[in-house]
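As a plain string of letters, each chain reads:
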Amino acid sequence: MRPNLIMVSACGLVISLATPAFPQRAGEPRKALDETNVARVLVERLDLDLYKATIKGLTQFGDRRQGTDRNKAAIDWIEAQLKSYGCTNTERLKYEYQPPAGSVRATNQAGAVGGESTARRSGTATTTTQGGGRARGVRARTGVNNDPNAQLDVKLRQLNSQPAMPGSREEIYCTKIGTAHPEEMYIVGAHMDGIGWGEAANDDGSGTALVMEVARVLSGADVQTERSIRFILWNNEETGTNGSHAYVDQRKDLQGQEVPPGSGKYPEPKWLGMIQHDMMLFDHGMPLEDGTVSKEQRPEADINIEFQTSAKFAAQSQALAWVFESTNEKYATDYPAAVSSHMTNTDSGPFQDVVAAISLRENERGTQIGNGWDPQWHQPTDLYITYSNKDFRLGLNATQTTLAAMAQLAGAKLKK
Ligand SMILES: [Zn+2]
């Protein structure tokens, strides 16, 4: 199909033949029509089987825990994939990670219902969760599995057995350089490290594969964007977003500098927004009264787009969130999106006082996942085989949403 087939009628009205489902309104500028067509053509280049295959590819490295050989091997694999897509200018951010002395990892556990196996219903008193939202309804226990023997698959247990060592770390990114504004960029991210003795298929193989798929489509030989886009796969999210903190610390003051002067090259284009993707697959609803969660996806499954209302860039972040809500409405094939205000505990956090920052997720992080909505979270059951096609399709719909938003925001065009 010719994506940009347009016809100018006798009265001068521009009519699209390629997108009959989205008729041109009289008086709407032609530019908007072209962007609509480009986003649709790009979204059609996504595919459920390709998305699943990338998640499956990531799970060959087990939980990809930071500070291990399997984590390094996964970074090498991701780099090779990005290059094969045409995103060839890969770079690595280097930093040191030393775990706090004598600490047991506590991040992400504040939502736990102290060691009980059964559910609790939150009472009439207001319970504030991480990120500032209110806990409502039935809550179930959460936590991080640290017991190797909880992984019943002996081969996977062996694959995950090397412990994390303190020391030097790397995280990988590549950049689509803007044709009109190479000095400005959006950052599209997910974390490639995992925890819990499973395969980290959902947390966060699902977000990592989303970023890689968006990179693949936007790196197509016929695709140009006016502004730059950086695709980054964070390390050390599970130890407390150390990888994204390192990036902000090292690079925030380099924004917009042309190096060397007059070269037209910008090693760190000015940040226009940071979009994080963390756990994209599982939306089966609130825990049941017995503390378990439904095996079936709930019919109301949606993508949760969160910003943080207490951030310095809350207003800009909210505006960015609504752009994603609108591209979901136009381009996602199956599931809607909802916007809320309690973004927390993910790699967009270190950006939220510097630039517009949002996260896309299967559920709200504080009020829902923190209250037990995802029983695989940081558990040995976070395996590729755990998820159904309905689950994977929720992740694909988030991929469609982000790809279309990037096409719109960065000004994507198709070369003839
Ligand atoms: Zn995560």
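Definitions and cut-offs
- Residues numbered from 1 in each chain as written.
- Predicted model: local features only at pLDDT ≥ 70, side-chain atom pairs only at ≥ 80, totals over all residues.
- Heavy atoms only, no water.
- Donors = N, O, S within 2.8 Å, 3.2 Å for Na, K, Ca; no water.
- Helix = DSSP H or I, 4+ residues; strand = E, 2+ residues; numbered from the N terminus.
- Buried < 20%, exposed > 50% of the residue type's maximum accessible area, 1.4 Å probe, protein only.
- Disulfide = S-S within 2.5 Å.
- Core = buried A, V, L, I, M, F, W, Y, C linked by side-chain atoms within 4.5 Å.
- Contact = heavy atoms within 4.5 Å.

Details of the coordination of the zinc ion
Each protein donor to the zinc ion is listed here as H191 (NE2), D203 (OD), D278 (OD) and D278 (OD); together their distances run 2.1 to 2.8 Å. Sequence spacing of the donors to the zinc ion: H-x11-D-x74-D. Here D278 lies in the loop between β10 (270–277) and β11 (303–306) and H191 lies in strand β7 (residues 181–191), a separation of 87 residues in the sequence. Taken as a pair, H191 and D278 share a single burial class, namely buried.

Some thoughts on the state of the cysteines
Scanning all chains against the criterion turns up one disulfide. One disulfide bridge connects C87 with C174, the sulfur atoms lying 2.2 Å from each other. Note on the C87 and C174 pair: the S-S dihedral is about 105°, so by sign convention the disulfide is right-handed. Separated by 87 residues along the polypeptide, C87 in the loop between α3 (69–85) and β3 (91–97) and C174 in strand β6 (residues 167–176) bring together distant segments of the chain. Taken individually, C87 and C174 each receive the classification buried, so the pair is uniform in this respect.

Overview of the nonpolar core
In terms of nonpolar packing, the biggest core is built from 71 residues, with L42, L82, F231 and F324 touching the most fellow members. A per-element tally of this core places helix α8 (residues 389–409) first, with ten residues. Contact partners of L42, with chain neighbours within four places excluded, come to V217, L218, V223, L403, A407, A412 and L414. In this structure, L93, I232, W271 and M343 belong to the second largest nonpolar core, which totals 17 residues.

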